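# An overview of the molecular structure
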Amino acid sequence: MERILEGRTALVTGSTSGIGHGIALLYAQAGAKVMLNGFGKPEEIARARAEVGAAMGVAEAPYSDADLSKPEAVRGMVRAAEAALGSLDILVNNAGIQYVAPVEEFPEAKFDAIIAINFASNFHAIKAALPGMKARGWGRIINIASAHGLVASPHKVAYVAAKHAVVGMTKTVALEIAETPLTCNAICPGFVRTPLAEAQVKPLAEEHHVSEEVALKDYLLEKQPSKRWVEVEEVARMALYLAGPGSGAVNGAALSIDGGWLAA
Ligand code: NAD
């Protein structure tokens, strides 16, 4: 692996699992010092810290247990990353949750939590990280939005709203930093093989009285013309491109990685 992030520091939120974990690992393998964040069983967190740490040549990667539904915790996490890593060059806003229900049945608490974690936390983290990036004259902000940041699906009112908001915020931040060496972009994945997406297969199988295999192909991946999962490493590779050299002219973009979903 070419060490294109040598000397860079990165904070990846929600990196104890799924896409965030894949990005943190690839960044560490590319030479970055990375701080992890996210929930999980103690042994899962320890495993993630050891795995990413090994790629960094240390026993364990630094880790913040910040609950991103709480603005003060988000700000504290950014301060902790700057202290532990010596700077914060790359911020990946990735943590997210999902809940699926029709609007009239959508629980208010779930709506509020999705807006707070999937959207508002990105604002608080960007606001906290920008001054340091500007002072050092380099920075990369990468927001993991979704195909649902560009188009809607039924029963995902909070998620679709939050992800559209992330894309809008990405564009605004990008315009504000357009004349600096910083960039802010969004990645918009289709269905990626992670616990968050795989959890949606079983309820669909039960709802439609079909096997999980049929539910995956005919209902979950219905909108994804490739009819296959996007893999975590494929998303991580896009995040590596945005953080690495040569991507400085990409700013304010919402980059699709969705097996053709948005083309249809
Ligand atoms: P995942 O469930 O595997 O991982 C989510 C991560 O976020 C975990 O580390 C979890 O601990 C963390 N997290 C959740 N709530 C948190 C909180 N309050 N504070 C701190 N951390 C918290 O999910 P994933 O599929 O890897 O999703 C990662 C991101 O990618 C999300 O923003 C999701 O919306 C987005 N995304 C996923 C898919 C997909 O199909 N998997 C598609 C498009 C976009």
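Residue indices follow the written sequence of each chain, beginning from 1 at its first position. Per-residue local features are limited, in this predicted model, to residues with pLDDT of at least 70; the limit for side-chain atom pairs, both in listing and counting, is 80 or more; totals at the level of whole chains, interfaces and linings are taken over all residues. Side-chain numbers here rest on the full set of heavy atoms in the structure, without hydrogens or water.

## A few points about helix 4 (residues 108-136)
Going by this rule: Strands here mean DSSP runs of E at least two residues long; helices mean DSSP runs of H or I at least four residues long; both are numbered from the N terminus. One less than the number of residues in a helix, times 1.5 Å, gives the span that helix is expected to have. In this scheme, the bend at a residue equals the angle between the axes fitted to the seven residues that finish there and the seven that begin there.
With 29 residues, helix 4 should reach 42 Å at 1.5 Å per residue; the first-to-last C-alpha distance of 41 Å fits that figure. Along helix 4, the sharpest kink reaches roughly 45°, centred on Ala120. Where helix 4 ends, the next residue or the one after it, Gly137, has phi of about 75°, a positive value.

## Some thoughts on the state of the cysteines
Filter applied, for reference: Cysteine sulfur atoms that come within 2.5 Å of each other are treated as a disulfide pair. Relative accessibility under 20% of the residue-type maximum defines a buried residue, over 50% an exposed one, and the middle range a partly exposed one, all with a 1.4 Å probe and only protein chains included.
Taken as a whole, this structure holds 0 disulfides when the rule is applied. Residue Cys184 stays outside any disulfide, its sulfur separated by 12 Å from that of Cys188, the closest cysteine. Note on Cys188: relative accessible area 0%, which makes it buried.

## Describing the side chain of Thr9
Spelled out, the test is: Polar contact criterion, stated in full: a pair of N or O atoms within 3.5 Å, where within protein one must be able to donate a hydrogen and the other to accept it, and residues adjacent in sequence count only if both atoms are side-chain atoms. Throughout, a residue-residue contact means that at least one pair of heavy atoms, one from each residue, lies within 4.5 Å.
Turning to its location among the elements, Thr9 is positioned in strand 1 (residues 9-12). Within the structure, the side chain of Thr9 is placed 2.9 Å from the side chain of Ser87, a separation counted as a polar contact. Ignoring anything within four residues of it in the chain, the contact list for Thr9 reads Lys33, Leu85, Ser87, Leu88, Asp89 and Ile90.

## Focus: the layout of surface pockets
For clarity, the threshold we go by: Using a 1 Å grid laid over the protein atoms alone, points where a 1.4 Å probe fits but cannot get out form a cavity; open sets with protein on both sides within 12 Å along at least 5 of 7 lines form a pocket; any residue with an atom within 4 Å of a point counts as lining. Grid points are joined across faces, edges and corners, and a volume is the space filled by probe spheres set on the points. Domain boundaries shown here were taken from an automatic or database domain assignment.
Approximately 800 Å³ is the volume found for the largest pocket. Along the wall of the largest pocket there are 40 residues; nearest its centre are Asn94, Ala95, Gly96, Ile97 and Leu196. The set of elements that each furnish at least two residues to the lining of the largest pocket consists of helix 1 (18-29), helix 2 (42-56), helix 5 (157-176) and helix 6 (195-198). Looking at which domains feed residues into the lining of the largest pocket, each of domain 1 (9-192 + 230-263) and domain 2 (193-229) supplies at least three.

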